[in-house]
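Chain and residue survey
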Amino acid sequence: MAIPRTRRLIMAASLPLMIAATTALQPGTANALSTDVVISAVYGGGGNSGAIFKNDFIELANTSDNPVDVSGWSVQYASAAGAVFQMTNLTGSIPAHGRYLIRQAAGSGGTLDLPTPDAVGSIPMSATSGVVALVTAQVPLVGCGTSCATAPNVKDLVGYGATANAETAAAPGLTNTTAAARTGSLTDTDNNAADFTSGVPKATNSAGVTVSADDPGGPVDPTPGSVRIHDIQGSGRVSPIVGTNVTNVPGIVTAVRTTGNARGFWFQDPSADADPLTSEGMFVFMGSTSPSVTIGDSVLVSGRVTEFRPASGAQTLTELGGSITTTKLSSGNALPTAVPVAFPDAFTKTGSLETQPLEPSSYVLDWLEVHEGMRVTLTQDTRLISPVNTEFDELWVTLKPGQNPTPRGGSIYTSYDDPNSGRLMIVALNGAPAANVGSTLAAGTTGPIDYQSFGGYVVQATTLGTITEGGLKRQKVLAPKKEGDLSIATYNVENLAATNPDAKFARLAQAVVDNLGSPDILALEEIQDNNGATNDSVVAADQTVAKFIAAIGAAGGPTYDWRSIDPSDDDDGGEPGGNIRQVFLFNPARVTFVDRPGGDATTAVTVVRERQTSNQVALSASPGRINPTSDAWEASRKPLVGEFRYDGGKQLFVVANHFNSKGGDAPLTAAVQPPVRSTEVQRVAQAEQVHDFVADLLDKSGGKARVVVLGDINDYQFSPAMQTLTGGGVLKTLIDDLPADRRYSYIFDGNSQALDHILVSPAIKGYAYGVVHINAEFSDQASDHDPQIVRILTGCNTDPLPARCRPGSPVVDE
């Protein structure tokens with residue numbers, strides 16, 4: 001696939017407490033690095049003189065995308081020089097990107113209760129120096145001296161103050177009024193001094209409820225500060241006061257996000273200034289803490305002005321972060337009037353956008369920037385150019401319905417110079433129903449403009465217009481014209497593993513039979529090993545393939561045979577542990593696979609002449625892999641090559657590919673235009689490898705070799721990689737035979753685009769080709785890619801070609 005589908009909402013760095021200076025002790029040894037659950041805060045001054053909180057506490061954080069069960073774990077405490085650890089057992093789980101609060105002993109002072117704890121202990125922790133360990137067992141640590149960070153079962157360890165029992169160096173010493181908290185990114189570098197700062201105690205439980213000692217719930221100042229939202233936003237892309245702490249910024253809450261790891265709210269000043277370049281709205285980032293405000297609240301917000309860049313190469317989002325304090329003045333207020341969305345013709349200017357003045361009447365990206373954080377509304381009906389992603393409640397529409405439309409309702413991506421400036425992404429904060437490309441979104445969608453890692457600028461819709469389904473149908477191949485025609489298809493089945501539900505296999509299999517017409521040869525991409533994403537030494541995929549073949553048979557298809565080569569473990573990229581690879585399925589009643597021994601994960605297949613003076617060629621190994629140890633294939637799938645015989649002994653070579661993904665390229669909304677396509681370099685190198693292999697086949701066969709190169713190339717028909725692949729006329733890109741508005745197999749950011757391809761050598765004279773649209777345009781997908789098929793036609797060796805043999809012969813129904 002083009003870009004990994006795991007979604008991340010914006011994750012700005014937000015310090016959990018006010019920062020104070022850090023000190024370091026002498027270095028030690030540590031290797032208790034954690035990639036999911038870490039100790040995020042430690043406080044031992046609860047109930048002491050001057051303390052606000054009544055209790056000591058320990059806070060944990062889950063930095064991963066999945067909940068983590070901590071049943072059977074414990075937190076343990078020892079004094080700075082002590083060898084005896086006291087233990088508190090844990091139960092339950094920590095939400096993805098959530099917190100977990102352990103309340104410890106109370107003192108005689110303090111006025112503020114902690115949030116409802118997730119676990120309760122009775123350990124009296126030192127206010128100044130001590131050691132806290134997170135242990136994946138409920139057995140006290142014994143005999144680890146000052147090296148407890150490396151003791152068995154220690155998940156994480158924090159030494160604070162005057163102790164040598166720490167990860168590398170101790171976190172700063174604390175007081176009755178300060179806690180140690182891991183920095184906002186929650187990074188664990190195995191250096192407590194680097195990872196922790198001291199500041200105002202702040203505690204969050206697994207429900208996302210936060211209580212801070214600097215906001216004990218007493219009287220608040222209801223006076224708006226001197227800084228307004230438009231002062232923060234400024235007249236450029238970057239705030240003129242970035243890094244500044246601001247106090248009591250007034251506004252009306254216009255939208256609230258209460259899920260995920262980027263919770264917070266948008267608020268907008270109803271009293272706009274006279275400058276059309278300064279936005280009146282912005283986002284308040286609260287991390288995993290759910291905001292307590294509601295839409296219509298009049299609030300005063302204090303925090304730090306930050307510019308968050310959600311992805312490499314992306315623009316920044318101006319927001320308030322840090323230690324957020326919100327004062328509610330009133331509720332039920334009228335919301336600021338939403339601005340009608342009205343895009344100019346051009347998408348963007350070139351160069352560094354952050355150093356250039358905003359021109360909202362000329363460029364779409366500038367129009368969106370000057371309205372960042374503000375309420376906008378769609379005043380016209382619009383057409384869906386992507387299906388609704390019901391997992392993330394996302395959809396794309398076009399505000400320019402005549403701009404590069406596909407016959408089925410999408411927007412075709414025709415070149416790097418034309419990214420389709422009418423596209424707009426919408427996230428429905430209250431959910432969105434399933435709907436397909438070509439459906440109609442009625443006028444009325446309203447919400448603030450946001451900027452995030454997926455899609456760039458997006459309307460966070462508090463109101464979503466009614467969606468009317470457009471009646472899109474899935475396509476099928478036409479029946480073959482002649483019995484001898486050979487059909488070859490390519491299909492990215494999106495991380496198919498034997499551990500997947502039977503329903504996924506049945507759905508994919510039914511498409512092979514009903515929509516693809518049971519092709520004679522089927523090249524599959526993203527077949528995982530037998531236990532899928534489990535990251536162990538398993539690389540075999542025989543169970544995965546056997547389950548798929550059985551599902552095809554159950555759907556009424558043929559009993560396919562198959563060939564593939566297992567990759568080296570964790571060497572071919574894709575989902576960690578999955579060991580994805582390409583696989584040939586073939587119908588033995590229609591074709592014969594020519595087996596030649598010697599192919600394995602690291603041995604390069606070569607072209608050999610069967611006789612020195614002959615144009616008869618063969619593969620040194622079949623199946624084989626093209627130059628698998630080349631740097632071009634680092635962390636990427638190696639091409640699979642196979643030799644087949646069909647129609648009375650005709651020889652055919654098939655090369656199945658899955659080039660490296662576009663993950664890592666700058667987005668279309670990048671801060672520097674045109675966007676940097678950093679991953680393109682490797683795909684060009686991969687294209688050179690395949691091109692040269694095909695060229696060798698043609699050279700040694702005197703140009704007679706029939707070759708089909710197909711698969712997920714992860715690049716467009718006009719890209720440098722495809723130009724390299726076809727260089728010198730060794731291959732022809734079949735998608736170029738289709739009308740320009742039908743050249744697509746995938747939808748990303750609202751653009752219908754071609755990532756999957758079938759190419760043929762000059763010896764293949766007559767063929768019929770098509771993309772079979774069954775997935776990319778539909779909310780209900782078996783895969784995120786559409787398959788493609790080529791039918792090599794018999795009786796096409798004459799000159800001129802018979803009409804049925806000429807490019808453009810239909811193979812897919814409309």
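As shown above, the structure is provided for reference.
What comes next is a walk through the structure.

Some points on the overall build of the protein chain
A count of helical and extended segments in the protein chain gives seven helices and 47 strands. C-alpha atoms of the protein chain, sized along the principal axes, occupy 95 × 70 × 45 Å. A buried classification covers 58% of the 814 residues belonging to the protein chain. Relative to all contacts within the protein chain whose residues are 6 or more apart in sequence, the contacts with residues 24 or more apart total 71%. Summing over all exposed atoms, the protein chain offers an accessible surface of approximately 29,100 Å²; the carbon and sulfur share of this is 51%.

What about the side chain of threonine 289?
Inspection of the secondary structure assignment puts threonine 289 in the loop between strand 17 (281-287) and strand 18 (298-308). The class for threonine 289 is buried, based on a relative accessible area of 14%. In this structure the side chain of threonine 289 is engaged in a polar contact, spanning 2.8 Å, whose partner is the side chain of threonine 210. Discounting chain neighbours no more than four positions away, the residues touching threonine 289 are Thr204, Gly208, Thr210 and Arg263.

What about the state of the cysteines?
Applying the stated rule across the entire model yields two disulfides. Shown here is the disulfide that connects cysteine 796 with cysteine 805, its sulfur atoms set 1.8 Å apart. Note on the cysteine 796 and cysteine 805 pair: the S-S dihedral is about -75°, so by sign convention the disulfide is left-handed. Owing to a relative accessible area of 3%, cysteine 796 belongs among the buried residues under this scheme. With cysteine numbering restricted to those in disulfides and following the sequence, the protein chain has the pairing 1-2, 3-4.

Observations regarding the pattern of salt bridges
Inspection of every chain in the model, using the stated rule, returns 33 salt bridges. The closest approach of N and O atoms between aspartate 195 and arginine 182, which form a salt bridge, is 3.4 Å. Here the residue aspartate 195 occupies a position in helix 1 (residues 192-195), and arginine 182 occupies one in strand 11 (residues 179-182), the gap between them amounting to 13 residues. With respect to class, aspartate 195 is no different from arginine 182; both count as buried. The salt bridge involving arginine 408 is made with glutamate 777; its shortest N-O contact spans 2.6 Å. Of the two residues, arginine 408 sits in the loop between strand 24 (394-398) and strand 25 (423-428) while glutamate 777 sits in the loop between strand 46 (767-771) and strand 47 (788-792), which places them 369 residues apart along the sequence. Glutamate 777 carries the same exposure label as arginine 408, and that label is buried.

So, the side chain of threonine 733
Among the secondary structure elements, threonine 733 is positioned in strand 42 (residues 732-733). For threonine 733, the contacting residues outside a window of four places in its chain are Met722, Thr726, His757, Ile758 and Leu759.

Structural notes on the sheet that holds strand 16 (residues 263-268)
Pairing in this closed barrel of five strands is mixed, and the strands run 15-16-17-19-18 around the ring. Direction aside, neighbouring strands of the sheet carry axes that sit 55° apart on average. Sheet topology note: the strand 16/strand 17 ladder contains six bridges and is antiparallel. Along strand 17, the bridge assignment pairs phenylalanine 265 with valine 284.

Comments concerning the sheet that holds strand 47
Pairing is mixed across the open sheet formed by six strands, whose spatial order is 32-33-31-30-47-46. Bordering the open sheet on either side are strand 32 (561-563) and strand 46, each of which pairs with just one other strand. Each strand of the sheet is rotated relative to its neighbour by a mean of 20°, with strand direction disregarded. Sheet topology note: the strand 30 (residues 486-496)/strand 31 (residues 521-527) ladder contains six bridges and is parallel. Residue pairing in the sheet places asparagine 492 in a bridge with glutamate 525 of strand 31. Packing against the sheet, helix 4 (residues 502-515) makes contact with strand 30 and strand 31, and its axis sits at approximately 160° to strand 30.

Topic: the pairing of strand 11
Taken residue by residue, a regular strand's side chains alternate between the two faces of the sheet. Alternating residues of strand 11 divide into Ala179 and Ala181 and Ala180 and Arg182, and every residue in both groups is buried. Taken together, the four bridges between strand 11 and strand 12 (residues 196-199) define a ladder with antiparallel strand orientation. Paired with alanine 180 across the two strands is serine 198, which belongs to strand 12.

A word on helix 6 (residues 680-700)
For an α-helix, the turn length of 3.6 residues means that residues three or four places apart are oriented alike. For helix 6, which comprises 21 residues, the first-to-last C-alpha distance of 30 Å matches the rise-based estimate of 30 Å (1.5 Å per residue) to within 8%. Along helix 6, the positions that sit buried rather than exposed are Glu680, Arg683, Val684, Gln686, Ala687, Val690, His691, Phe693, Val694, Leu697 and Leu698. Along its buried surface, helix 6 packs onto strand 35 (607-609), strand 36 (617-619), strand 38 (640-646), strand 39 (650-658), strand 41 (707-712) and helix 7 (720-725). Within two residues after helix 6, glycine 702 carries a phi angle of roughly 65°, on the positive side.

Here's the deal with the packing of aromatic side chains
Tallied over the full model, the rule gives 18 aromatic pairs. Note on phenylalanine 584 and phenylalanine 644: the rings are 5.5 Å apart at their centroids and 85° apart in plane angle, and the pair reads as edge-to-face. Of the two residues, phenylalanine 584 is situated in strand 33 (residues 581-586) and phenylalanine 644 in strand 38; the sequence distance between them amounts to 60 residues. An identical accessibility class is assigned to phenylalanine 584 and phenylalanine 644; each is buried. Ring geometry for tyrosine 716 against phenylalanine 718: centres 5.3 Å apart, planes inclined by 25°, an arrangement best described as stacked. A network of ring pairs unites the aromatic residues Tyr413, Tyr416, Tyr716 and Phe718 as a single cluster.

Section: unusual backbone geometry
The residue after serine 622, namely proline 623, is reached through a cis peptide bond having omega 5°. In this chain, glutamine 673 is followed by proline 674 through a cis amide linkage whose omega measures 0°. Structurally, the position occupied by proline 674 is in the loop between strand 40 (672-673) and helix 6. The backbone phi angle of asparagine 420 is positive, close to 70°, even though this residue is not glycine. Examined against the element boundaries, asparagine 420 turns out to sit in the loop between strand 24 and strand 25. Asparagine 420 gets classed as buried once you look at its relative accessible area, which sits at 0%. Of note, glutamate 526 is a non-glycine position whose phi angle comes to about 65°, a positive value. Assignment of secondary structure puts glutamate 526 in strand 31.

Considering the nonpolar core
Core analysis: the largest hydrophobic core is formed by 34 residues, its most contacted members being Leu368, Leu395 and Leu424. Element by element, the count of residues in this core is highest for helix 3 (residues 364-370), at four residues. Residues contacting leucine 424, with those up to four places away along its chain left out, are Val341, Phe343, Leu368, Leu378, Leu395, Trp396, Val397, Leu399 and Val459. Among the nonpolar cores identified, the runner-up in size contains 32 residues, and Ala551, Leu585, Ala768 and Val812 belong to it.

Procedures and definitions
Residues numbered from 1 in each chain as written. Predicted model: local features only at pLDDT ≥ 70, side-chain atom pairs only at ≥ 80, totals over all residues. Heavy atoms only, no water. Helix = DSSP H or I, 4+ residues; strand = E, 2+ residues; numbered from the N terminus. Buried < 20%, exposed > 50% of the residue type's maximum accessible area, 1.4 Å probe, protein only. Contact = heavy atoms within 4.5 Å. Areas by Shrake-Rupley, 256 points an atom, 1.4 Å probe, with all protein chains shown as cover. Polar contact = N/O pair within 3.5 Å; in protein donor to acceptor, adjacent residues only side chain to side chain. Disulfide = S-S within 2.5 Å. Salt bridge = Lys/Arg side-chain N within 4 Å of Asp/Glu carboxyl O. Pairing = 2+ DSSP bridges. Axes fitted to C-alpha atoms, helices over the stretch in contact; angles between N-to-C directions. Expected span 1.5 Å × (residues − 1). Phe/Tyr/Trp six-rings, centres within 6.5 Å; stacked < 30°, edge-to-face > 60°. Core = buried A, V, L, I, M, F, W, Y, C linked by side-chain atoms within 4.5 Å.

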